[in-house]
Amino acid sequence: MASETGEYESVVLVKQEVFVYKIPPRQSNRSYRAADWNLTEPIWTGRLRMVSKGRSLCVKLEDKTSGSLFANCPIESYPGVAIEAVSDSSRYFVLRIQDDNGRTAFIGLGFGDRSDSFDLNVALQDHFKWVKNEEKIEKEKVEPKQQLDLGFKEGETIKINMKITKKDGSEVSSRLNNKKAASGGLLPPPPGGNKINPPGSTSSPSHQPSAAGAATGGAQTEWGEFTSAGVQSGTGEPTATATTPSKTNANWVQF
């Protein structure tokens, strides 16, 4: 049902049976207690309807059959003065009802089941949570939230340290990798390679030079001094006779 302002009424909660009690005046600032009421003799029994219209909310106590209004309780906030829970039970509340002339009175309200009173609490909390969010949205429209400036200022720089994980799980910094790349990418010789022994040392058969290698290396001084070739008698073929360098030769370095 639409009101004169164009807002629609929405039924938030309906409970088919509630009890109304006459409560004694509060003597001090202490909270209300349901034990002080005559719970065995309620003054009225009927239906509860909670209705919202825009941001306003009210609890209407109506007759079960005819739907005539017994009492109306406008609620501005929760927790608040309009509806207050008692201190000794979760099934009873104190309502501040109001007539058309603005006069108010306090009555006791009770439920036969705790789940009904729980539903009333949840409905009240949900409505005023929605009202709070609406007010926040309207405030942001008037005063937009300041946007964060995440851009770089003039002269600002950032530094990123990159780490590369090798196959064995260790990490190498990017600076070391760049240094290796700048050196041409040369790799060290593999371990276990064959080494050439100096002349005069004893080497295993697998490291002895071949005949072709000896003939080619004859011209290199590190393989020793060779005498001039002579002609072998009877064959007519030249032979090369290598002389073993003496220990007193200054051209050899002792290893």
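Look a little higher up for the structure.
Parameters and conventions
- Residues numbered from 1 in each chain as written.
- Predicted model: local features only at pLDDT ≥ 70, side-chain atom pairs only at ≥ 80, totals over all residues.
- Heavy atoms only, no water.
- Buried < 20%, exposed > 50% of the residue type's maximum accessible area, 1.4 Å probe, protein only.
- Helix = DSSP H or I, 4+ residues; strand = E, 2+ residues; numbered from the N terminus.
- Pairing = 2+ DSSP bridges.
- Axes fitted to C-alpha atoms, helices over the stretch in contact; angles between N-to-C directions.
- Contact = heavy atoms within 4.5 Å.
- Salt bridge = Lys/Arg side-chain N within 4 Å of Asp/Glu carboxyl O.
- Patch = residues over 30% accessible without salt bridge, like charges linked within 9 Å, V, L, I, M, F, W, Y side chains within 5 Å.
- Areas by Shrake-Rupley, 256 points an atom, 1.4 Å probe, with all protein chains shown as cover.
- Phe/Tyr/Trp six-rings, centres within 6.5 Å; stacked < 30°, edge-to-face > 60°.
- Polar contact = N/O pair within 3.5 Å; in protein donor to acceptor, adjacent residues only side chain to side chain.
- Disulfide = S-S within 2.5 Å.
- Expected span 1.5 Å × (residues − 1).

Draft legend 1. Summary view of the pairing of strand β6 (residues 92–98). Taking burial as the measure, the seven residues of β6 include five buried ones, the bulk of the element. Where strand β5 (residues 83–85) and β6 come together, three bridges link them in antiparallel fashion. Looking across to β6, one finds that Ala 85 is bridged to Phe 93. The antiparallel pairing of β5 with β6 creates a hairpin that spans six residues between the two strands. Pairing of β6 with strand β7 (residues 104–110) involves seven bridges; the strand directions are antiparallel. Residue pairing in the sheet places Leu 95 in a bridge with Ile 107 of β7. Where β6 folds back onto β7 in an antiparallel hairpin, the turn is made up of five residues, including Gly 102, whose phi is positive at roughly 90 degrees.

Draft legend 2. Structural detail: the sheet that holds strand β1 (residues 9–21). Taken in spatial order, the seven strands of this open sheet run β4-β3-β2-β1-β7-β6-β5, and their pairing is antiparallel. Strands at the two margins of the open sheet, each flanked by one partner only, are β4 (69–75) and β5. Strand-to-strand twist across the sheet, computed as the mean angle between neighbouring axes with direction ignored, equals 30 degrees. Bridge analysis of β1 against strand β2 (residues 44–53) gives nine bridges, and the strand direction is antiparallel. Counterpart to Lys 15 in the pairing with β2 is Leu 48. This element, helix α1 (residues 114–142), spans β1, β2, β3 (56–62), β4, β5 and β6 of the sheet and lies at about 145 degrees to β1.

Draft legend 3. Just the pattern of salt bridges, in detail. Scanning the entire structure with this criterion turns up 10 salt bridges. Lys 15 serves as the salt-bridge partner of Asp 119, at 2.7 Å between the closest nitrogen and oxygen. With Asp 119 in helix α1 and Lys 15 in strand β1, the pair connects residues that are 104 residues apart, well separated along the chain. Take Lys 15: its relative accessible area is 11%, and that puts it in the buried class. For Glu 62, the salt bridge goes to Arg 49, with nearest N and O atoms at 2.8 Å.

Draft legend 4. Spotlight on a nonpolar patch on the surface. There is a patch of nonpolar side chains on the surface, built from Phe 152, Ile 158, Ile 160 and Met 162 and spanning about 500 Å² of accessible area. Position of Met 162 among the secondary structure elements: in the loop between α1 and β8 (163–165). Judged by relative accessible area, which is 55%, Met 162 ranks as exposed.

Draft legend 5. Expanded view of the packing of aromatic side chains. In the structure shown here, the tally under the stated rule is five aromatic pairs. Judged by centre distance (6.1 Å) and plane angle (85 degrees), the ring pair of Trp 37 and Tyr 92 falls under edge-to-face. Taken together, the positions of Trp 37 in the loop between β1 and β2 and Tyr 92 in strand β6 put the pair 55 residues apart, joining distant regions of the chain. One exposure class covers both Trp 37 and Tyr 92, and it is buried. Among the aromatic side chains, those forming a connected cluster through ring pairs are Tyr 21, Trp 37 and Tyr 92.

Draft legend 6. Looking closely at the pairing of β7. Examined bridge by bridge, β1 and β7 share three bridges and lie antiparallel to one another. In the sheet register, Val 20 faces β7, and the bridge partner there is Leu 109.

Draft legend 7. Broad picture of the side chain of Lys 15. Polar side-chain contacts of Lys 15 include one of 3.1 Å to the side chain of Asp 116. Not counting chain neighbours up to four residues away, the residues in contact with Lys 15 comprise Arg 47, Leu 48, Phe 111, Asp 116 and Asp 119.

Draft legend 8. Just the state of the cysteines, in detail. Scanning all chains against the criterion turns up zero disulfides. Its sulfur unpaired, Cys 58 is 8.4 Å from the next cysteine sulfur, which belongs to Cys 73.

Draft legend 9. The side chain of Lys 60, seen in detail. Summarising the element assignment, Lys 60 is placed in strand β3. When sequence neighbours within four positions are dropped, the list of residues in contact with Lys 60 reads Arg 47, Leu 48, Arg 49, Val 51, Leu 69, Ala 71 and Asn 72.

Draft legend 10. View of α1. Here α1 is 29 residues long and its end C-alpha atoms lie 43 Å apart, about the 42 Å a rise of 1.5 Å per residue gives. Taken together, the buried positions of α1 are Asp 116, Ser 117, Leu 120, Ala 123, Leu 124, His 127, Phe 128 and Val 131. Of the surrounding secondary structure, the elements contacted by the buried residues of α1 are β1, β2, β3, β4, β5 and β6.

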